[in-house]
Amino acid sequence: AVANPPLSARRSALHTRAILFMVVAAICWSSGGLLVRQLSIVGAWEIVFWRSLFMTLFVVGVLVALHGRGMPRAVRDAGVPGVVAGAFLAGTFFFFIGSLTRTTVANTNILMSVSPFLAALAARWILKEPVPRRTWIAMIVAFAGIVVMFAQTADAGRLTGNLLALGVSCCFAAQVTVLRKFHATVDMLPQVMIAGILSALAAGALAPAFAATPRDLAILAVMGCVQLGTGCLLATAASKHLSATELGLLALLEPILGPIWVWVLMSEHPGAATLAGGSIVLAAVFANQAFGAWRGRASAVI
C-alpha cells in the first residue's frame, strides 16, 4: 500500500525538479571562468558592473513576466530578508570576479568547493536543519577530493585571489541560510534583482574607467543573462525545496565543471590531481543524491 500517494508524489516531484534546477544552475555558473577568459578587459570592477547590469535587466523581465503589474509589490514583499540575501549574493559576484582576475580558474573553483561545508554548518547551527549521516559521509569524501585537487594547485595562484575565492564560499553559505529561513513565507526571487542593483552600483563607483568593446559587451550580456541571471533564479527557486546541505553539495558541480570547460575549450589543462579529486567530489555528490532518492521512495511505500 502507498501512504498518502498524492502528497508524497507531489513532494517527490517538487524535490526532483528542485534538484534539476540546481544542477542546471551549477552548469550555468560553471561557464563563468571560460567567459571571463574571452574578455579583452581585465578590470574586475568593470566586469562586475556590466555583468550585474545585464543580469538586473534580465531578471526584471522575468519578474514582470511572472508578476505583471504586481512586480513592484513582489519586490517590496521580499523586504529585509530579500535585501540581506541580495547583499550576500552581490558579495559572491565581487569575490568571484576578483578571484578570477587574480588567480587561475582551477584555484578559484577549488577554493569555492568549501561552500557545502559552510552551508551545512550554518544550517545546522542557525536553522537547526538536520544533516543526514549519509550527507556527512558525502561531505567528508568530497573534502578528501578537494584536498587531492588542492595539493597540486595551492601554490599556482596568488594569495589575494585565493582568499577572494574563499569569500565566495562564505557569502554563498550566508545567502543560502537566509533563503532557507525566509523562503517559506516570502518570494525570494526578487533578491536576485536586488543583488544585481547593489553590485552594479558599487562596481560602477569603483571602476576607474570603462573600456569594454562591443564584443566584450556581447560576452558580458551572456554572462549576465545566462551564466548569472538564469543560474541565480533557478538556484533561488530550488532553495524552497532543498535543504541548505543539498544546495551546497549540488553547487559543487560548478567548481568541478568550471576548470573542465577551460581545459576542453581553451587547452588550460587542470592537471591529473584536479581531475582525480574532481572525480571523487562528483562521486560523493551523486552517491548522496542517489541514496537520498532511494530512501525517499522506500519510505513512501509501506
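Everything that follows concerns the structure shown earlier in this document.
Nothing here was measured: the structure is a model prediction, and the numbers come from that model.

1. Examining the overall build of the protein chain
And step 1. When helices and strands are tallied, the protein chain shows 13 helices and 0 strands.
And step 2. For the protein chain, the N- to C-terminal ordering of α and β elements is α-α-α-α-α-α-α-α-α-α-α-α-α.
And step 3. By the burial criterion, 51% of the 302 residues in the protein chain qualify as buried.
And step 4. Residue pairs in contact within the protein chain that sit at least 24 positions apart in sequence constitute 90% of those at least 6 positions apart.
And step 5. Total accessible area computed for the protein chain in this model is approximately 13,600 Å², and 71% of it derives from carbon and sulfur atoms.

2. Some remarks on helix H12 (residues 253-266)
And step 1. End to end, H12 covers 20 Å across 14 residues, agreeing with the expected 20 Å (1.5 Å per residue, within 8%).
And step 2. Three or more residues of H12 are buried, namely Leu 253, Glu 254, Pro 255, Ile 256, Leu 257, Gly 258, Pro 259 and Val 262.
And step 3. Directly beyond the C-terminal end of H12, a positive phi value near 60 degrees is found at Ser 267.

3. What to know about empty space enclosed by the protein
And step 1. The final tally for this structure, using the stated rule, is 1 cavity of 30 Å³ or more.
And step 2. Trp 29, Leu 89, Thr 92, Phe 172 and Glu 254 are the residues nearest the centre of the largest cavity, which is lined by 27 residues in total.
And step 3. For the lining of the largest cavity, the elements supplying multiple residues, two or more each, are helix H1 (5-30), helix H4 (71-100), helix H6 (115-127), helix H8 (159-182), helix H10 (214-238), helix H11 (244-251) and H12.
And step 4. Counted by class, the lining of the largest cavity contains 18 nonpolar, 7 polar and 2 charged residues.

4. Examining the nonpolar core
And step 1. Judged by nonpolar contacts, the single largest core of 45 residues is most densely connected at Met 22 and Leu 242.
And step 2. In terms of residue count, the dominant contributor to this core is H10 (6 residues).
And step 3. Not counting residues up to four positions away in its chain, the partners in contact with Met 22 are Trp 29, Ala 235, Ala 238, Leu 242, Leu 247, Leu 250 and Ala 251.

5. Observations concerning a nonpolar patch on the surface
And step 1. Together, Ile 137, Val 141, Val 148 and Ile 280 make up a nonpolar patch on the protein surface, roughly 270 Å² of accessible area in all.
And step 2. Among the elements that line the nonpolar patch, the one with the most residues is helix H7 (residues 133-153), at 3 residues.

6. Topic: the packing of aromatic side chains
And step 1. Across all of its chains, the model carries 5 aromatic pairs by this definition.
And step 2. Above the face of the Phe 182 ring, Lys 181 is positioned so that its terminal group lies 5.9 Å from the ring centre.

7. A few points about the side chain of Gln 191
And step 1. Checked against the element boundaries, Gln 191 lands in helix H9 (residues 190-206).
And step 2. In this structure Gln 191 comes out as buried when scored by relative accessible area, which is 0%.
And step 3. Leave out the neighbours within four places in its chain, and Gln 191 touches Gly 82, Ala 85, Gly 86, Leu 89, Gln 175, Leu 179 and Thr 236.

8. Details of the environment of Glu 268
And step 1. Here Glu 268 is to be found in the loop between H12 and helix H13 (272-300).
And step 2. Judged by its relative accessible area of 31%, Glu 268 falls in the partly exposed class.
And step 3. A sequence separation of 162 residues divides Glu 268 from Ala 106, and the C-alpha atoms of the two residues are 9.3 Å apart.
And step 4. Apart from the residues lying within four places of it in its own chain, the contact partners of Glu 268 are Arg 37, Val 105, Pro 259, Val 262 and Trp 263.

9. Some remarks on the state of the cysteines
A covalent bond between the sulfur atoms of two cysteines is what we call a disulfide.
And step 1. With the rule as written, the count across this model stands at 0 disulfides.
And step 2. Of all cysteine sulfurs in the structure, the one in Cys 232 sits closest to Cys 28, which takes part in no disulfide; the separation is 9.5 Å.

10. Topic: the packing of H4 against H10
And step 1. Close contact between H4 and H10 brings their axes to 13 Å; oriented N to C, the two are set at 135 degrees. With respect to H10, the axis of H4 lies oblique. The hand of the H4/H10 crossing is right-handed. Counted together, Leu 89, Phe 93, Phe 96 and Ile 97 of H4 and Met 223, Gln 227, Leu 228 and Cys 232 of H10 form the full contact between these two elements.
And step 2. In terms of residue class, the contact of H4 with H10 is made up of 7 nonpolar, 1 polar and no charged.

About the cut-offs
Residues numbered from 1 in each chain as written. Predicted model: local features only at pLDDT ≥ 70, side-chain atom pairs only at ≥ 80, totals over all residues. Heavy atoms only, no water. Helix = DSSP H or I, 4+ residues; strand = E, 2+ residues; numbered from the N terminus. Buried < 20%, exposed > 50% of the residue type's maximum accessible area, 1.4 Å probe, protein only. Contact = heavy atoms within 4.5 Å. Areas by Shrake-Rupley, 256 points an atom, 1.4 Å probe, with all protein chains shown as cover. Expected span 1.5 Å × (residues − 1). 1 Å grid on protein atoms, 1.4 Å probe; cavity = no way out; pocket = protein on both sides within 12 Å on 5 of 7 lines; lining within 4 Å. Points joined across faces, edges and corners; volume = space filled by probe spheres on them. Nonpolar A, V, L, I, M, F, W, Y, C, P; charged D, E, K, R; others polar. Core = buried A, V, L, I, M, F, W, Y, C linked by side-chain atoms within 4.5 Å. Patch = residues over 30% accessible without salt bridge, like charges linked within 9 Å, V, L, I, M, F, W, Y side chains within 5 Å. Salt bridge = Lys/Arg side-chain N within 4 Å of Asp/Glu carboxyl O. Phe/Tyr/Trp six-rings, centres within 6.5 Å; stacked < 30°, edge-to-face > 60°. Lys NZ or Arg CZ within 6 Å of the ring centre and 35° of its normal. Disulfide = S-S within 2.5 Å. Axes fitted to C-alpha atoms, helices over the stretch in contact; angles between N-to-C directions. Parallel < 35°, antiparallel > 145°, perpendicular 65-115°, else oblique. Left-handed = near helix turned anticlockwise from the far one by under 90°.

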